[in-house]
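Topology and contacts: notes
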Amino acid sequence: MDLFVQGVSHHYGDLQALDAIDLQVKGGQILALIGPSGCGKSTLLGIMGGMLQPTEGDVVAAGVPPADSLNPFTYIFQDFALLPWRSVAGNVALALEHHRLDRAERTARIEAALVLTGLRDFAAALPRQLSGGMRQRVGIARAVAVRPAILFLDEPLSALDAQTRELLLEDLLAIWQREATTAVYVTHNLDEAVRVADRIAVLSRRPGRIKQVMPVEIPRSERGDARHAADLAALHAQLWDLIRGEAAVADRELADG
Amino acid sequence: MAEETGQTPVPFRGGGFQPGARRWAPWAAFAAIIAGWQLASSTGLLPPLIMPSPYEVVLALGHLAASGDLTEHVGASLSRIAWGWSIGTLAGLGVGFAMGIWSLARSAGIPVVAALFPIPKIALLPLLILWLGIDEAPKIATIALGVFFPTVIGTYSAVDNVPRSLIRMAQSFNLPNPAIVWKVILPGAMPGILAAFRITSSIALILLVAAEMIGAEFGIGSFILAAGNLMQTDQLVAGVVLLSILGLTISFVLGRVEAWLLNWR
């Protein structure tokens, strides 16, 4: 499925968060959204997946979601958003229970999602027993179980420590290697964006505007290779140049100013 | 020597301020209080007319049990508190959830609850007797009213405290609204609701005794009042002990319910 963001602006009261955003998500590709903090990345992601009503403009999806997709637009959240009273398997089941599925298929979907995320041995565990990385794996399993047409990731790794982030990023890349996913990946981490994305959209400081959309030409599977290291480092530097000045200003801004 | 080499151990300054549990301590405390009380009675420090000895209280409880009066009084009280608390709680949960979910119910409900909550509900008993007669109904209604308002307040603030991120998550997976209430809001509000139960159960106990003292043939409250009028202090204190046991039992049951429903915490 393709997704088109057309002339989207958004206001919170007097505060303008987004200004005339036009953006395209191509089917089978991963688009990263980066920008200084408070630039409206998460707001835009909310609008793209139908969780926020934009003040102006609209978001249009083109194409039909795959037949087995139960929830075409699916989110993975920064704070994991797990129900603490449900087990790992129960949290994955939550996304399936209101769909007409026979018991066998529901169990199969949960099982497959848990195996994919390496949570099979933890199916009965409660969220409080899990580390942050394992909790986010539950969030990923829950999203995978509904076979999304487009996956929206809202800074999925930023609540985790650096080592866990690295492990989980590798897992995500492995999952995406297997199934061609369409995804929008919001992050403030340039490194993540460079490793994950087919295209990187850079947002400006508030009110958020699209400053530039940069393609990443190197295939995702080869980005770990040493021969591409220089190219990727150059891209990283280019992105940092684009947002550095604004990030510095955003950092000195008062919250209610 | 450490001083010769210029080395001194860094003094330890942590520790303490960590009250733990001592299994024997509760029993020892009760035993000490009762023993002291018995000693004061036996030595004549406490005149029996003012305060009976623990032994006499136990005797009075034994007589009550043997004559069958105990069952009658405790049964009447239990039935009133059970009905009153259940009715008030069910109504309060319904209104509290409505106020937690819908803007109109909240905007209309908050000022009404704020106006009616501070009224000591026992003041309404005479009015309730005029409306409902002198039977069980006005006593049950008094308890129900006393339980209703704190339940409403506890429930809607508990619903407020359910993380919005969980509700947004449920919406993002297209859960229908009834499923969101049942699977996300209700369990998320449960800790707050159970905390309200602790408060309402003690309010119910207070109102029970007050209502029974105003007008009842049977019940622990009326029994205590009658014993006081006849200066039967042993019976009076036996009634008070019964109330303490009733309160402890309720709190024990609530503790088990919490442990069962909130095992995920």
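This section reports on the structure supplied with the text. (Residues numbered from 1 in each chain as written. Chains lettered and ligands numbered in written order. Predicted model: local features only at pLDDT ≥ 70, side-chain atom pairs only at ≥ 80, totals over all residues. Heavy atoms only, no water.)

This part takes up the overall build of chain A. The secondary structure content of chain A amounts to seven helices and nine strands. Against the 2.2 N^0.38 benchmark of 18 Å for 257 residues, chain A shows a C-alpha radius of gyration of 18 Å, consistent with a compact globule. Looking at chain A residue by residue over its 257 residues, the buried ones come to 50%. Taking the contacts inside chain A whose residues are at least 6 apart along the sequence as the reference set, 71% of them involve residues at least 24 apart. Of the accessible surface of chain A, which amounts to about 11,700 Å², a share of 50% is contributed by carbon and sulfur atoms. (Helix = DSSP H or I, 4+ residues; strand = E, 2+ residues; numbered from the N terminus. Rg over C-alpha atoms; globule rule 2.2 N^0.38 Å. Buried < 20%, exposed > 50% of the residue type's maximum accessible area, 1.4 Å probe, protein only. Contact = heavy atoms within 4.5 Å. Areas by Shrake-Rupley, 256 points an atom, 1.4 Å probe, with all protein chains shown as cover.)

Okay, the packing of aromatic side chains next. Residues and elements named next belong to chain A. All told, the structure shown has seven aromatic pairs over all chains when counted by the stated rule. With a centroid separation of 6.4 Å and 45° between ring planes, the pair formed by Phe73 and Phe152 is classed as tilted. Of the two residues, Phe73 is situated in strand E5 (residues 73-76) and Phe152 in strand E6 (residues 150-154); the sequence distance between them amounts to 79 residues. A relative accessible area of 0% places Phe152 in the buried class. (Phe/Tyr/Trp six-rings, centres within 6.5 Å; stacked < 30°, edge-to-face > 60°.)

Residues and elements named next belong to chain A. Relative to the helices and strands, Asn91 is located in helix H2 (residues 88-94). Among the polar contacts made by the side chain of Asn91, one reaches the main-chain carbonyl oxygen of Arg86 at a distance of 3.0 Å. With residues near it in sequence (within four places) discarded, Asn91 still touches Leu82, Leu83, Arg86, Pro127, Val138 and Arg142. (Polar contact = N/O pair within 3.5 Å; in protein donor to acceptor, adjacent residues only side chain to side chain.)

All names here are of chain A. Relative to the 20 Å expected for 14 residues at 1.5 Å per residue, helix H3 (residues 103-116) spans 20 Å between its end C-alpha atoms, a close match to the ideal helical length. Regarding H3, the residues found buried are Arg109, Ile110, Ala113, Leu114 and Leu116. Seen from one end, H3 has its buried residues packed into an arc of 165°, which puts them on one side. Facing away from the buried surface of H3 by more than 90 degrees, the exposed residues are Arg103 and Ala104. For H3, the secondary structure elements touched by its buried residues are H2, helix H4 (132-145) and helix H5 (162-178). Once H3 finishes, Gly118 follows within two positions and takes phi at roughly 70°, a positive value. (Expected span 1.5 Å × (residues − 1). Arc of directions from axis to C-beta.)

A few words on the interface of chain B and chain A. Counting residues at the interface gives 17 residues for chain B, matched by 22 residues for chain A. Summed over both sides, the interface between chain B and chain A buries roughly 1,700 Å², with carbon and sulfur atoms accounting for 70% of that surface. Interface area lost by chain B to chain A is led by Phe173(B), Lys183(B) and Trp264(B), which between them contribute 40%. The partner of Lys183(B) in a salt bridge is Glu97(A), with the nearest N and O atoms 2.8 Å apart. Linking chain B to chain A there are ten residue pairs in polar contact (both at pLDDT 80 or more). Looking at the side of chain B that touches chain A element by element, the count peaks at six residues for helix H8 (residues 164-172) of chain B. Classifying every residue of the side of chain B that touches chain A gives eight nonpolar, six polar and three charged. (Buried area = accessible area lost by both parts, 1.4 Å probe. Salt bridge = Lys/Arg side-chain N within 4 Å of Asp/Glu carboxyl O. Nonpolar A, V, L, I, M, F, W, Y, C, P; charged D, E, K, R; others polar.)

All names here are of chain B. Running from N to C, helix H5 (residues 103-116) and helix H7 (residues 136-160) cross one another at 140°; their axes reach a closest spacing of 10 Å. As judged from the angle between their axes, H5 and H7 are oblique. As for the relative orientation of H5 and H7, their crossing is left-handed in sense. The segment H5 lies against H7, with Arg106, Ile110, Val113 and Leu116 engaging Phe149, Val152, Ile153, Tyr156 and Asp160. Per-class residue counts for the contact of H5 with H7 are seven nonpolar, no polar and two charged. (Axes fitted to C-alpha atoms, helices over the stretch in contact; angles between N-to-C directions. Parallel < 35°, antiparallel > 145°, perpendicular 65-115°, else oblique. Left-handed = near helix turned anticlockwise from the far one by under 90°.)

Looking now at unusual backbone geometry. Both trends apply: most residues other than glycine have a negative phi, and most peptide bonds are in trans. Residue and element names in this part refer to chain A. Positive phi is not limited to glycine here, since Phe80 has a value of about 70°. The topology assignment puts Phe80 in the loop between E5 and H2. A relative accessible area of 11% means that Phe80 is categorised as buried.

A separate point is the sheet that holds strand E7 (residues 182-186) of chain A. Residue and element names in this part refer to chain A. Overall, mixed pairing links the six strands, which are arranged E5-E6-E7-E3-E8-E9 in an open sheet. Two strands bound the open sheet, and with one partner strand each, they are E5 and strand E9 (210-215). Ignoring strand direction, the axes of neighbouring strands in this sheet form an average angle of 20°. Judged from the five bridges that link them, E6 and E7 form a sheet pairing that is parallel. By the bridge assignment, Asp154 is partnered in E7 with Val186. Together, E5 and E6 form the strand contacts of H4, whose direction differs from that of E5 by roughly 175°. (Pairing = 2+ DSSP bridges.)

What follows concerns the environment of Trp85(A). Looking at the element boundaries, Trp85(A) is found in the loop between E5 and H2. The class of Trp85(A) is buried, set by a relative accessible area of 17%. Residues Trp85(A) and Arg128(A) lie 43 residues apart in sequence; the distance between their C-alpha atoms is 9.1 Å. There is a polar contact of 3.4 Å between the side chain of Trp85(A) and the backbone oxygen of Lys183(B).

Remember that the coordinates give geometry; whether it matters functionally is a separate question.
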